[in-house]
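Inside the fold
Each chain is listed here by its residues.
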Amino acid sequence: MHDYKLYKAHLNELEQQLAGAYHRQLVLITGSSVWCYELLNSLIDENNTLVVSKQCAIKNSYWPTRTHQILGQEFAHAVYDGFSGLHPDKLAALTGTVKAGGMLFLLLPELNDLASWQDPSLSTVQSHGQSIDYSLFNQRFATIIKRLPAFHFSEQNGCISNLVSSVTDNKIDYLPQQNCVEQIVKVANGRANRPLLINADRGRGKSAALGLAAAKLADKKVIICSTQFKATHSSFKHLANELDLQYNAEHKQLANLHYVAPDALLNTLPECDLLLVDEAAAIPVPLLLKMLAHYPRIVFASTLVGYEGNGRGYTIRFSNYIKAHYKASKVVTLDEPLRFAKHDPLEKHIRTLLALDAQYKELGSNQLEQPVHSEVTQQSLVNNESLLQQVIALLALAHYQSSVNDLRQLLDAPSQRIFISKINNQLVGVCLIAIEGGLSEDLALQVISGERRPQGHLMAQTLSQLSFNNDYLTQLSARVVRIAIDPSSHNMGFGKKLLSYCESQVKSQCSWFGASFGATAQLLNFWQKQGFNTVKLGYQRDKSTAEHSALVVKCLSNKSAIIRPLKKQFKNDFFYALLTHFKTLDWQLVGILIEGFSDELVSPETRKQLALLVNSNFTQFNISATLWQVVNQSPSCMSQLTESDKQLLIKLVLQNECNEKVIQQLGLLGKKQLENQFKRAIKNLTSAI
């Protein structure tokens, strides 16, 4: 057994400094796993220390499968075992659980070996058939962590301390949280339809404020809603402390505060005086809008740097929606940390290591020149920290779902190509493309039969299973993973130009080019106008966007005949599904999809039947089947109609919606007006055939 007294003495000194400063610190332990585990076990106190590790060699080790299993808890110290895999989301979430005066112990191989070390987490970013023997994420991580003011215990080099003397007397400022509590109470007691948005980083007392406010509203029924019940524990704890009540972590009700999950809330719509929505960015925006419409007194609270898959896109777009539709709404941002004091070293270290502070500066209106496109390598991003920060920030800004893991994916995914657009050396666009396919014929046949599902190759697998054609798996294809454009430059054609450039660059390598995304009418319209064909629309709504996932593809080679059956099959499936799975699909989205379908020859019998019906005293009932056939065979006729006529025929004929709902949706006065508009729409349709 080694003598680790020197290391223990250093920690005791650090602990005294941290206690007075209300700060937390990173302690890096590097070397062989055996040495690191032995040293750690001699240093840590088992009580109130969370150890995230797959190895039983460390006392009380535990490996969470999901990040949310770590959140909502507090510990004196925490340990992250890098030998179990350096997963950025788990590391970031664990950091948030450490209390003031505490330390985060990070175990890793020696820093000079980190980039070429076979990190177990690399398997999460590589597709089947690929291997990574060098990690650029780890290279950057090692370079940055060497410079950080932190303790470093190295098997090779002994104790290295870059610490600078810190403030020894700090105070935590509770005033911003108190003001936030007052704003929540105002929502409950004030006028209706004045929603409040609370945005905060971890450790700012956001969830605590919800509980403190509930305690001040003891005479009111308050519901708290969150995707994870565990995330509301802090709110219940602070309510219990304020009211001097016993707290049981398993109970979903305490005094006037009740927990209800988002789906249960919208299914039953229970009455309450105030609805608190915690971690709102983890809930699909359409569901938040339904809550907003039903509950006149509502508070949305969310984390700015999310570990649950929250994007900054949520914060910006949802805030903009509320400001536009609720003029008396308010936004409160909690900047002051409460779990620890300002300028906390550990928080700064993790933010720097994982690029969590990356901010995108929008392009000025006086700089609107034509963008210059180029491809950048992952190595060039590691060599250019400024560009890397801009890329990360723009991607986070453009998507509701962004994760701390995105940085590792960006730098290490071997199948990925990165294309950017710049104006005057400023980034205005990013497109990430995954190269898929290139699998053996034997494996391709196993995928088609459903026996195998190799990691990655998402689009290639779907196309092959839809078509029963193994060409999609044996040949290469390019899938757009993400495309993001400067928000101030939208509707200027920059996205179209960047996509066109990407296509020109992958054309020589790939046979197909495609993308999968949450389908909205606007997005599908964009892709279809660039020559992409929709070949699939998922029946289930995505949990994060509440949208159906669309798959679009275009042929880059002379094999366009392979896509034709896919288009035909999707068209047939879609028209049937409009009466079943897609009965409630947004009519504008239906209209855009129909515009992408090819016309067939309308049979003479169908034309004759339609003409006879139109010239007779037809009813909605006896003409609908013929109309359905006409639109199916000649979908382009719908593009000639006005928006209201198109909506009417999509809802009444294609989706077989009841008259009462259509009257309500179109704002008509009654059945007579519906009948008149229906007859007019059919005459317009007939003249378009």
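Throughout this document, residue positions are counted from 1 along each chain, in the order its sequence is written. Two thresholds apply to this predicted model, a pLDDT of at least 70 for residue-level local features and 80 or more for giving and counting side-chain atom pairs, whereas whole-chain, interface and lining totals are computed over all residues. Water and hydrogen atoms play no part in the side-chain values, which are based on all heavy atoms of the structure.

**Re the overall build of the protein chain**
Helix and strand content of the protein chain: 26 helices and 21 strands. Computation of the radius of gyration draws on C-alpha atoms, with the globule rule given as 2.2 Å multiplied by the number of residues to the power 0.38. Here the C-alpha atoms of the protein chain give a radius of gyration of 29 Å, agreeing with the 26 Å that 2.2 N^0.38 yields for 689 residues. Dimensions of the protein chain, computed from the C-alpha atoms along their principal axes, are close to 100 × 65 × 55 Å. The burial tally for the protein chain puts 55% of its 689 residues in the buried class. The contacts in the protein chain between residues at least 6 apart in sequence include a share of 74% that link residues at least 24 apart. Surface accessibility of the protein chain: about 30600 Å² in total, with carbon and sulfur atoms responsible for 48%. Here the protein chain carries 67 positive and 59 negative side-chain charges, and the mean point of each set is 8 Å from the other. Secondary structure is summarised from DSSP: a helix means a run of H or I of at least four residues, a strand means a run of E of at least two, and numbering begins at the N terminus for each. Here's how the labels work: a residue is buried when its accessible area is under 20% of the maximum for its type, exposed when over 50%, partly exposed in between, all with a 1.4 Å probe on protein chains only. The criterion used for residue contact is that any of the two residues' heavy atoms lie within 4.5 Å. What sets the accessible areas is the Shrake-Rupley method with a 1.4 Å probe; for residues, cover comes only from the shown protein chains. Counted charges follow a simple rule, with Lys and Arg positive, Asp and Glu negative, and His plus the chain ends left uncounted. To locate a charge, take NZ of a lysine, CZ of an arginine, CG of an aspartate or CD of a glutamate.

**So, the packing of helix H19 (residues 521-529) against helix H21 (residues 587-595)**
Two elements in contact, H19 and H21, have axes separated by 9 Å at closest approach and are oriented at 10 degrees. Viewed along their axes, H19 and H21 adopt a mutual orientation that is roughly parallel. The segment H19 lies against H21, with Ala521, Leu524, Asn525 and Gln528 engaging Gln588, Leu589, Ile592 and Leu593. Considering only residue class, the contact of H19 with H21 consists of five nonpolar, three polar and no charged. The angle between two axes is taken between their N-to-C directions and runs from 0 to 180 degrees, where each axis is a line fitted to C-alpha atoms and a helix contributes only its stretch in contact. If an angle is under 35 degrees, it is roughly parallel; if it is over 145, roughly antiparallel; if it lies from 65 to 115, roughly perpendicular; otherwise it is oblique. Residues are grouped as follows: Ala, Val, Leu, Ile, Met, Phe, Trp, Tyr, Cys and Pro are nonpolar; Asp, Glu, Lys and Arg are charged; every other residue, Gly included, is polar.

**Comments concerning the environment of Gln156**
With respect to the element layout, Gln156 can be found in the loop between strand E6 (151-154) and strand E7 (158-161). Under the relative-accessibility criterion, Gln156 is labelled exposed at 57%.

**A short note on the pairing of strand E2 (residues 49-52)**
Side-chain alternation along E2 places Thr49 and Val51 on one buried face and Leu50 and Val52 on a second face that is also buried. DSSP calls a pair of strands paired once it identifies at least 2 bridges connecting them. Relative to strand E4 (residues 77-81), E2 runs parallel, the two sharing four bridges. Within the sheet, the bridge partner assigned to Thr49 lies in E4 and is His77.

**Observations regarding the nonpolar core**
Grouped together as the largest cluster of nonpolar side chains are 149 residues, with contacts concentrated most on Ile29, Phe141 and Phe574. Among the elements that make up this core, the one with the highest residue count is helix H13 (residues 385-398) (eight residues). In this structure, Val185, Phe236, Leu257 and Ala301 belong to the second largest nonpolar core, which totals 31 residues. By nonpolar core we mean a set of buried residues, namely Ala, Val, Leu, Ile, Met, Phe, Trp, Tyr and Cys, connected to one another through side-chain atoms within 4.5 Å.

**Things to note about the side chain of Thr49**
Along the chain, Thr49 falls in strand E2. Setting aside its immediate chain neighbours within four residues, Thr49 contacts Phe75, His77, Ala78 and Val79.

**What about the environment of Gly31?**
Structurally, the position occupied by Gly31 is in the loop between strand E1 (25-30) and helix H2 (33-43). C-alpha separation for the pair Gly31 and Leu107, spaced 76 residues apart in sequence, amounts to 8.3 Å. Not counting residues within four places of it along the chain, the set of residues in contact with Gly31 comprises Cys36, Phe83, Leu108, Pro109, Glu110 and Glu155.

**Some details on the pattern of salt bridges**
One speaks of a salt bridge when a side-chain nitrogen belonging to Lys or Arg is within 4 Å of a carboxyl oxygen belonging to Asp or Glu. Applying the stated rule across the entire model yields 22 salt bridges. Between Arg408 and Asp119 there is a salt bridge, and its shortest N-O distance comes to 3.0 Å. Of this pair, Arg408 sits in helix H14 (residues 406-412) while Asp119 sits in the loop between strand E5 (103-108) and helix H4 (136-147), placing them 289 residues apart in sequence. In this structure Arg408 comes out as buried when scored by relative accessible area, which is 2%. For Asp119, a relative accessible area of 3% translates into the label buried. Taking the shortest distance from any N to any O, the salt bridge between Arg408 and Asp412 comes out at 3.2 Å. Taken together, the residues span about one helical turn, with Arg408 and Asp412 both in helix H14 at a distance of four residues. Each of the two residues, Arg408 as well as Asp412, counts as buried.

**As for the side chain of Asp344**
Mapped onto the secondary structure, Asp344 falls in the loop between strand E14 (330-334) and helix H11 (345-353). Identification of polar contacts relies on pairs of N or O atoms within 3.5 Å, with a donor-acceptor requirement for protein atoms, meaning one able to donate a hydrogen and the other able to accept it, and with residues adjacent in sequence counted only if both atoms are side-chain atoms. Separated by 2.6 Å, the side chain of Asp344 and the backbone nitrogen of Arg24 make a polar contact. Once you skip the residues sitting within four places of it in the chain, Asp344 turns out to touch His23 and Arg24.

**Observations concerning the confidence of the model for the protein chain**
For every residue, the predictor assigns a confidence score, pLDDT, that lies between 0 and 100. Taken as a whole, the protein chain shows an average pLDDT of 88; of its residues, 94% reach a score of 70 or greater. Contacts from residues 306-310, a stretch scored under 50 in pLDDT, to residues over four places away or in other chains number 21 contacts.

**Quick word on the packing of aromatic side chains**
Only Phe, Tyr and Trp rings are paired, with Trp represented by its six-membered ring, and only when their centres lie within 6.5 Å; those with planes under 30 degrees apart are stacked, over 60 edge-to-face, the remainder tilted. Across all of its chains, the model carries 23 aromatic pairs by this definition. When the ring of Tyr472 is compared with that of Trp512, the centres are 4.6 Å apart and the planes differ by 45 degrees; the resulting orientation is tilted. Of this pair, Tyr472 sits in helix H17 (residues 471-474) while Trp512 sits in strand E19 (residues 512-518); the two residues are 40 residues apart in sequence, bridging distant segments of the chain. Grouping residues by exposure puts Tyr472 and Trp512 together as buried. In textbook terms, an aromatic cluster arises when at least three aromatic residues are bridged by ring pairs, as seen for Tyr539, Phe570, Phe574, Phe575, Phe582, Phe597 and Trp628. Charge-over-ring placement is defined geometrically: NZ (Lys) or CZ (Arg) within 6 Å of the ring centre, and within 35 degrees of the ring normal. Directly above the aromatic system of Phe340 lies the positively charged group of Arg24, at a separation of 3.8 Å from the ring centroid.

**Things to note about a positive patch on the surface**
Each patch is built from residues lacking any salt bridge and having more than 30% relative accessible area; the joining distance is 9 Å for like charges and 5 Å for nonpolar side chains (Val, Leu, Ile, Met, Phe, Trp, Tyr). Together, Lys186, Arg191, Arg194 and Lys330 make up a positively charged patch on the protein surface. Residue position: Lys186 is located in helix H5 (residues 175-189). Owing to a relative accessible area of 53%, Lys186 belongs among the exposed residues under this scheme.

**A few points about the sheet that holds strand E10 (residues 253-254)**
Taken in spatial order, the seven strands make up an open sheet running E10-E11-E9-E12-E13-E8-E14, and their pairing is mixed. Every other strand in the sheet has two partners, leaving E10 and E14 as the edge strands with one partner each. Pairing between strand E12 (residues 274-277) and strand E13 (residues 298-303): three bridges, direction parallel. The residue bridging Val277 from the neighbouring strand is Phe300, located in E13. Against the sheet, helix H6 (residues 206-216) makes contact with strand E8 (196-200), strand E9 (222-225), strand E11 (257-259), E12, E13 and E14, and its axis sits at roughly 155 degrees relative to E13, the strand it touches most.

**Overview of H2**
Residues spaced three or four apart along an α-helix face the same direction, because each turn holds 3.6 residues. Within H2, burial applies to Trp35, Cys36, Tyr37, Leu39, Leu40, Asn41 and Leu43. In this structure, the buried side of H2 is in contact with helix H1 (5-21), E1, E4, E5 and E6.

**As for the sheet that holds strand E20 (residues 533-541)**
With respect to topology, seven strands assemble into an open sheet ordered E15-E16-E17-E18-E19-E21-E20, the strand pairing being mixed. Strand pairing shows two members of the sheet lacking a second neighbour, strand E15 (372-376) and E20, which therefore form its edges. Between one strand axis and the next, the sheet turns through 25 degrees on average, direction left out of account. As paired strands, strand E17 (residues 426-437) and strand E18 (residues 476-485) are joined by nine bridges and run antiparallel to one another. The residue bridging Val430 from the neighbouring strand is Ala484, located in E18.

**Re the pairing of E4**
Counting buried positions over the five residues of E4 gives five, a clear majority of the element. Side chains of E4 alternate between two faces, with His77, Val79 and Asp81 and Ala78 and Tyr80 buried alike. The pairing of E4 with E5 spans four bridges and is classified as parallel. Within E5, the position partnered with Ala78 by the bridge is Leu104.

**A closer look at unusual backbone geometry**
Leaving glycine aside, a negative phi is the common case for residues, and trans is the common case for peptide bonds. In this structure, His457 is a non-glycine residue whose phi angle is positive, near 55 degrees. The residue His457 is located in the loop between helix H15 (441-448) and helix H16 (458-467) in this model. Residues other than glycine seldom take positive phi values, yet Asn656 does so here, at roughly 50 degrees. By the secondary structure assignment, Asn656 is in the loop between helix H24 (643-654) and helix H25 (659-666).

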